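# Results of the structural survey
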Amino acid sequence: MTTANILLVEDEPAIQELLAFNVAQCGFRAIQAFDAEAAMAHINRALPDLILLDWMLPGASGIELARRLRADSRTRDIPIIMLTARTDERDKIQGLEAGADDYITKPFSPRELMARIRAVLRRRAPQMSDETIKVEGLELSPTTHRVSAKGENIDLGPTEFRLLHFFMTHVERVYSRAQLLDQVWGDHVFVEERTVDVHIRRLRQALEASGLDNLVQTVRGSGYRFSKE
Ligand code: CA
């Protein structure tokens, strides 16, 4: 299973530790940031799969950070759960308008928070889900790491597996090499873009025997698309 990276943006050490502990207990990887600036430094290196974002932070507020992330095409789709002591209905609406996917008030029950993280990931980052996916004769199981094409098992390397999982959960959309590095490798800085081409080629080779390699399409000048057409 792919481990989701959860970026925790919270300035209070006790709450930060509580969050990190619970996130790790759930099998996610916790990345800790104590203010918006530190959070941006993490995000610039690698996109997290979800952000738990405290409203009141020293320096730029959680709301400001959320707005900034939503305004940038690279970070626009990162799921965000706002975390705050505020219970005012107006604040809640402001948080959601700034682009948060969900909203939870302190004090929170860790169990409820984890349930919400899972729900948001299921909805917003389906490649993080454990559910078996079927597209056009391809079947991929994240839990067993098995892939079959027209009923025949096929062997994929770990990167090709993640790439195919991402494609199967994001059908018909065009992704640039930089976007695929961000989404599949989690690193757009240190990995070269031609690495994407190498793994695309391997993925197509693995799908050739079943004739499903044409699902992985090159879009000239743009990148790649996984398409049934
Ligand atoms: Ca705070």
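As the structure is a computational prediction, the values presented were derived from the model and not from experiment.

### A few points about the packing of aromatic side chains
- Summed over the entire model, instances satisfying the criterion amount to two aromatic pairs.
- Note on Phe166 and Tyr175: the rings are 4.9 Å apart at their centroids and 70 degrees apart in plane angle, and the pair reads as edge-to-face. Take Phe166 and Tyr175: they sit in the same class, and that class is buried.
- Measuring from ring centre to ring centre gives 5.8 Å for Phe167 and Phe226, while their planes differ by 10 degrees; the resulting arrangement is stacked. Note that Phe167 is positioned in helix H6 (residues 158-169) and Phe226 in strand S12 (residues 223-226), a separation of 59 residues in sequence. The same class applies to Phe167 and to Phe226, which are both buried.

### Considerations on the sheet that holds strand S4 (residues 80-84)
- Spatially, five strands are ordered S2-S1-S3-S4-S5 in an open sheet, and the strand pairing comes out parallel. Looking at strand neighbours, the two that pair on one side only are strand S2 (29-33) and strand S5 (102-105), the edges of this open sheet. For this sheet, the mean inter-axis angle between neighbouring strands, taken without regard to orientation, is 20 degrees.
- Sheet analysis places strand S1 (residues 5-9) next to strand S3 (residues 50-54), joined by four bridges and oriented parallel. Bridge pairing in S3 places Leu8 opposite Leu52.
- On top of the sheet, helix H5 (residues 110-124) reaches S1, S3, S4 and S5; it is set at about 175 degrees to S5, its chief contact.

### Here's the deal with the pairing of strand S7 (residues 138-141)
- Where strand S6 (residues 133-135) lies against S7, three bridges are found, and the strand directions are antiparallel. Its bridge partner lying in S7, Val135 is registered against Leu138.
- Linking two consecutive strands that pair antiparallel, namely S6 and S7, is a turn of two residues; a positive phi of about 45 degrees is found at Glu136 within it.
- When S7 meets strand S8 (residues 146-149), the two strands line up antiparallel, connected through four bridges. Within the sheet, the bridge partner assigned to Glu139 lies in S8 and is Ser148.
- Between S7 and the antiparallel strand that follows it, S8, lie four residues; His145 among them carries a positive phi value of about 65 degrees.

### Some thoughts on the domain arrangement of the protein chain
- Here the protein chain is described as being made up of domain 1 (5-128) and domain 2 (133-226).
- Domain 1 and domain 2 are separated by 28 Å when their C-alpha centres are compared.
- Contact residues are listed per partner, giving eight residues for domain 1 and 11 residues for domain 2.
- Across the interface of domain 1 and domain 2, roughly 780 Å² is buried in total on both sides, 46% from carbon and sulfur atoms.
- Counting across the domain 1 and domain 2 interface gives two salt bridges.
- On inspection of domain 1 and its partner domain 2, the count reaches one residue pair in polar contact (both at pLDDT 80 or more).

Criteria and thresholds
Residues numbered from 1 in each chain as written. Predicted model: local features only at pLDDT ≥ 70, side-chain atom pairs only at ≥ 80, totals over all residues. Heavy atoms only, no water. Phe/Tyr/Trp six-rings, centres within 6.5 Å; stacked < 30°, edge-to-face > 60°. Buried < 20%, exposed > 50% of the residue type's maximum accessible area, 1.4 Å probe, protein only. Helix = DSSP H or I, 4+ residues; strand = E, 2+ residues; numbered from the N terminus. Pairing = 2+ DSSP bridges. Axes fitted to C-alpha atoms, helices over the stretch in contact; angles between N-to-C directions. Contact = heavy atoms within 4.5 Å. Domains from an automatic or database assignment. Buried area = accessible area lost by both parts, 1.4 Å probe. Salt bridge = Lys/Arg side-chain N within 4 Å of Asp/Glu carboxyl O. Polar contact = N/O pair within 3.5 Å; in protein donor to acceptor, adjacent residues only side chain to side chain.

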